[in-house]
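# A closer look at the structure
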Amino acid sequence: MDPVHRGDVWCISARPYRGGHVAVGPMEIPLRAIRAGCRPGGMVLDPFSGTATTGLAARQLGRSYIGIDLNPRFHDLAVAELAKPRRS
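Analysis parameters
- Residues numbered from 1 in each chain as written.
- Predicted model: local features only at pLDDT ≥ 70, side-chain atom pairs only at ≥ 80, totals over all residues.
- Heavy atoms only, no water.
- Buried < 20%, exposed > 50% of the residue type's maximum accessible area, 1.4 Å probe, protein only.
- Helix = DSSP H or I, 4+ residues; strand = E, 2+ residues; numbered from the N terminus.
- Axes fitted to C-alpha atoms, helices over the stretch in contact; angles between N-to-C directions.
- Parallel < 35°, antiparallel > 145°, perpendicular 65-115°, else oblique.
- Left-handed = near helix turned anticlockwise from the far one by under 90°.
- Contact = heavy atoms within 4.5 Å.
- Nonpolar A, V, L, I, M, F, W, Y, C, P; charged D, E, K, R; others polar.
- Core = buried A, V, L, I, M, F, W, Y, C linked by side-chain atoms within 4.5 Å.

## Focus on helix 2 (residues 53-60)
Burial of helix 2 is extensive: six of the eight residues sit out of reach of the surface. Taken together, the buried positions of helix 2 are occupied by Thr53, Thr54, Gly55, Leu56, Ala57 and Ala58. Where helix 2 ends, the next residue or the one after it, Gly62, has phi of about 80°, a positive value.

## Let's talk about the packing of helix 1 (residues 28-37) against helix 2
Relative to each other, helix 1 and helix 2 sit at 50°, their axes nearing to 9 Å. With respect to helix 2, the axis of helix 1 lies oblique. Judged by the twist between their axes, the crossing of helix 1 over helix 2 is right-handed. Every residue of helix 2 that contacts helix 1 at Pro30, Leu31 and Ile34 is listed here: Thr53, Thr54, Ala57, Ala58 and Gln60. Residue composition of the contact of helix 1 with helix 2, by class: five nonpolar, three polar and no charged.

## Here we look at the side chain of Ser49
Position of Ser49 among the secondary structure elements: in the loop between strand 1 (43-46) and helix 2. For Ser49, a relative accessible area of 9% puts it in the buried group. Filtering out sequence-adjacent residues up to four positions away, Ser49 remains in contact with Tyr65, Gly67, Ile68 and Asp69.

## What to know about the nonpolar core
Within the largest apolar cluster, seven residues are counted, these being Leu31, Ile34, Cys38, Val44, Ala57, Ala58 and Leu61. At the level of elements, helix 1 and helix 2 are the ones that each hand at least two residues to this core. Dropping the residues within four chain positions of it, Ile34 is found in contact with Val44, Thr54, Ala57, Ala58, Leu61 and Arg63.

## Some details on the environment of Leu61
Of note, Leu61 is situated in the loop between helix 2 and strand 2 (64-67). Along the backbone, Leu61 and Arg35 are 26 residues apart, and their C-alpha atoms lie at a distance of 7.7 Å.

Have a look at this one:
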């Protein structure tokens, strides 16, 4: 059996979200995935955008972002999240 290689398992804590979406993931997941698979200045596509956690991570890392979600309420939540001022 192969040993677990560094990076094969990510230990990431969940964080609470007080909005109207039940499946919001921690920011660290898209940050790691984007760093691993999208070069600076590249484009990130999230076909299950929800509240735009991936979009916020893409913006933070200097990537462009396209988010898609079938639920109009989630779209509105995502637009509101992306409209907030960036944290320094």
